[in-house]
Amino acid sequence: MFALLIAASALSGNPNSASAEQVVHSFGHGYDGEVPGGGLVQSAQGTMYGTTERGGLYNLGTVFQIQPDGHERVLHSFKGGRDGLDPGGFLAMDSSGNVYGTTFGGGGDGCSPYQGCGTIFKISPTGKKTVLYRFMGESDGGYPEGGLVADAQGDLFGVTAVGGNVGNCGKYGCGTIFELTASGALTTRYVFNGGSDGYGPSAGVTLDSAGNIYGTTPFGGSTTGNCIGNGCGVMYKLTPEGTFTTLYTFQGGTDGSMPEAGVIADGAGNFYGTTAGGGDTKSCGGGCGTVFTVTSAGTESVTYAFHRGLDGDYPMASLAMDNFGNLYGTTYFGGGTGCRKDGCGTVFKVAPDGKETVLFAFDEKAQGQNPAAPLLLNGGVLYGTTLWGGGHKAGVVFSVTP
């Protein structure tokens, strides 16, 4: 079985009208944080945790705790330097309520101008922060922006966008897949070379019960598709023994391009994700993005292609799934005519038969705008964040109840 967070009940939506959206918290009141870009995780008690890329005491980002009723508490304000800065990506949580995450910068020397190459951190329920690892930007990688996932033993897995070795990516390297053991030892599990294996991984990974690692890169793969030069991205598999397989290479046409988000999996070994481009190339030139499926054998199919209109445009976050196989996600643009006529983004549902429903279209800045993080599906309610908008223009935590 693949590890998934699946709600106990399905959601439904009226395809002809938006669902109700509630702003749970609007950032920018002071030191509560700004620009929440990393999505949310939830404890068994219902408390949610997330990160902001800016704000806090030093304006270098925060880790926050928030209740469903909107009460927010900052657990940590990043200071820069060895403490780290610009936290992002998905948080992992253990059974004791500790949360684990990454910062894009800080930690040590090198990787200018970010005061370091990034960190892995732990924060206790009381707010005590520990830096578990500081990246050097060399064989260990640098700029871990995709967040973390934990296995049953408490080991943490993630990716770095650069580092590893030179490969085909110049002096900064093509990125890595790493494992940090519960004892604090970091192992580079794979180094990307920038060829058919892709490069620049920016999204978190997915684990199965056998210890296989699955993920995406937004670049690389094939130079013969519609993204000649950089490639259109890949989906990959890495076994515990270190065997790397490119499960699918995107071509940049109707199949999609630039998968900026990770994938989720069902019990049958099928994978689901989004591409930021490709799909309907007539409406958007390079395409408005897709929701795709890849089988365990590497066969890809597009479940839905966006059209740059009311249905949304530019999905850049991973998906959530319910017990009935319905997929839920966000688009950064589309949904209306606000936000310089590109639309302010949507919350959408895609049924197993490919029917898309816009559950909510952001159109008023007070509601938030430009969602870029995965949705949290719990008890029939979707929770998410927007990078911008809200009462103070610094982003919001929102809920959508169909």
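As the structure is a prediction and not an experimental result, all values here were calculated from the model.

Caption draft 1: Just the state of the cysteines, in detail. Counted by the stated rule, this structure contains four disulfides. One disulfide bridge connects Cys-339 with Cys-344, the sulfur atoms lying 2.1 Å from each other. Every disulfide takes its handedness from the sign of the S-S torsion; for Cys-339 and Cys-344 that torsion is 105°, giving right-handed. For Cys-344, a relative accessible area of 1% corresponds to the buried category.

Caption draft 2: Molecular detail of the environment of Thr-187. Structurally, Thr-187 is set in strand E13 (residues 186–191). Of the residues examined, Thr-187 reaches a relative accessible area of 38% and is grouped as partly exposed. Sequence separation between Thr-187 and Ile-177 is ten residues; the distance between their C-alpha atoms is 8.7 Å.

Caption draft 3: Up close: the pattern of salt bridges. As enumerated under the stated definition, the model contains three salt bridges in all. For the salt bridge of Asp-83 with Lys-129, the shortest nitrogen-to-oxygen distance reads 2.8 Å. Of this pair, Asp-83 sits in the loop between strand E5 (72–77) and strand E6 (85–93) while Lys-129 sits in strand E9 (residues 129–134); the two residues are 46 residues apart in sequence, bridging distant segments of the chain. Comparing Asp-83 with Lys-129, the two get one shared label, buried. Between Arg-189 and Glu-179 there is a salt bridge, with the nearest N and O atoms lying 2.9 Å from each other. Of this pair, Arg-189 sits in strand E13 while Glu-179 is found in strand E12 (residues 176–180), placing the two residues ten residues apart along the sequence.

Caption draft 4: Fine view of the nonpolar core. Core analysis: the largest hydrophobic core is formed by 16 residues, its most contacted members being Ile-120, Phe-135, Leu-148, Leu-156 and Leu-186. At the level of elements, strand E7 (99–105) and E12 are the ones that each hand at least two residues to this core. Those residues in contact with Leu-186 that lie beyond four places of it in its chain are Ile-120, Tyr-133, Phe-135, Asp-140, Phe-178, Glu-179 and Leu-180. Within the second largest apolar cluster, 14 residues are counted, among which are Cys-344, Leu-359, Leu-377 and Val-396.

Caption draft 5: Geometry of the pairing of E5. Across five bridges, strand E4 (residues 62–66) lies against E5 in antiparallel orientation. Bridge pairing in E5 places Val-63 opposite His-76. In sequence, E4 turns back onto E5 through a hairpin of five residues, with Gly-70 there showing a positive phi of about 100°.

Caption draft 6: Spatial organisation of the side chain of Ser-43. Note that Ser-43 resides in the loop between strand E2 (41–42) and strand E3 (48–52). Residue Ser-43 is classed as buried on the basis of its relative accessible area, which comes to 13%. With residues near it in sequence (within four places) discarded, Ser-43 still touches Tyr-49 and Met-93.

Caption draft 7: Quick look at the confidence of the model for the protein. Considering every residue of the protein, the mean pLDDT works out to 90; 94% of them sit at 70 or more. Here residues 1–17 is modelled with pLDDT under 50, and outside its nearest four sequence neighbours on either side it reaches 50 contacts, counting other chains as well.

Caption draft 8: Structural detail: the pairing of E4. Counting buried positions along E4 yields five of five residues, so the element is predominantly enclosed. Of the two faces of E4, the one carrying Thr-62, Phe-64 and Ile-66 and the one carrying Val-63 and Gln-65 are both buried. Bridge count for E3 against E4 is five bridges, and the pairing is antiparallel. Counted as the bridge partner of Thr-52 is Thr-62 from E4.

Basis of the calculations
- Residues numbered from 1 in each chain as written.
- Predicted model: local features only at pLDDT ≥ 70, side-chain atom pairs only at ≥ 80, totals over all residues.
- Heavy atoms only, no water.
- Disulfide = S-S within 2.5 Å.
- Buried < 20%, exposed > 50% of the residue type's maximum accessible area, 1.4 Å probe, protein only.
- Helix = DSSP H or I, 4+ residues; strand = E, 2+ residues; numbered from the N terminus.
- Salt bridge = Lys/Arg side-chain N within 4 Å of Asp/Glu carboxyl O.
- Core = buried A, V, L, I, M, F, W, Y, C linked by side-chain atoms within 4.5 Å.
- Contact = heavy atoms within 4.5 Å.
- Pairing = 2+ DSSP bridges.
- pLDDT = per-residue confidence, 0-100.

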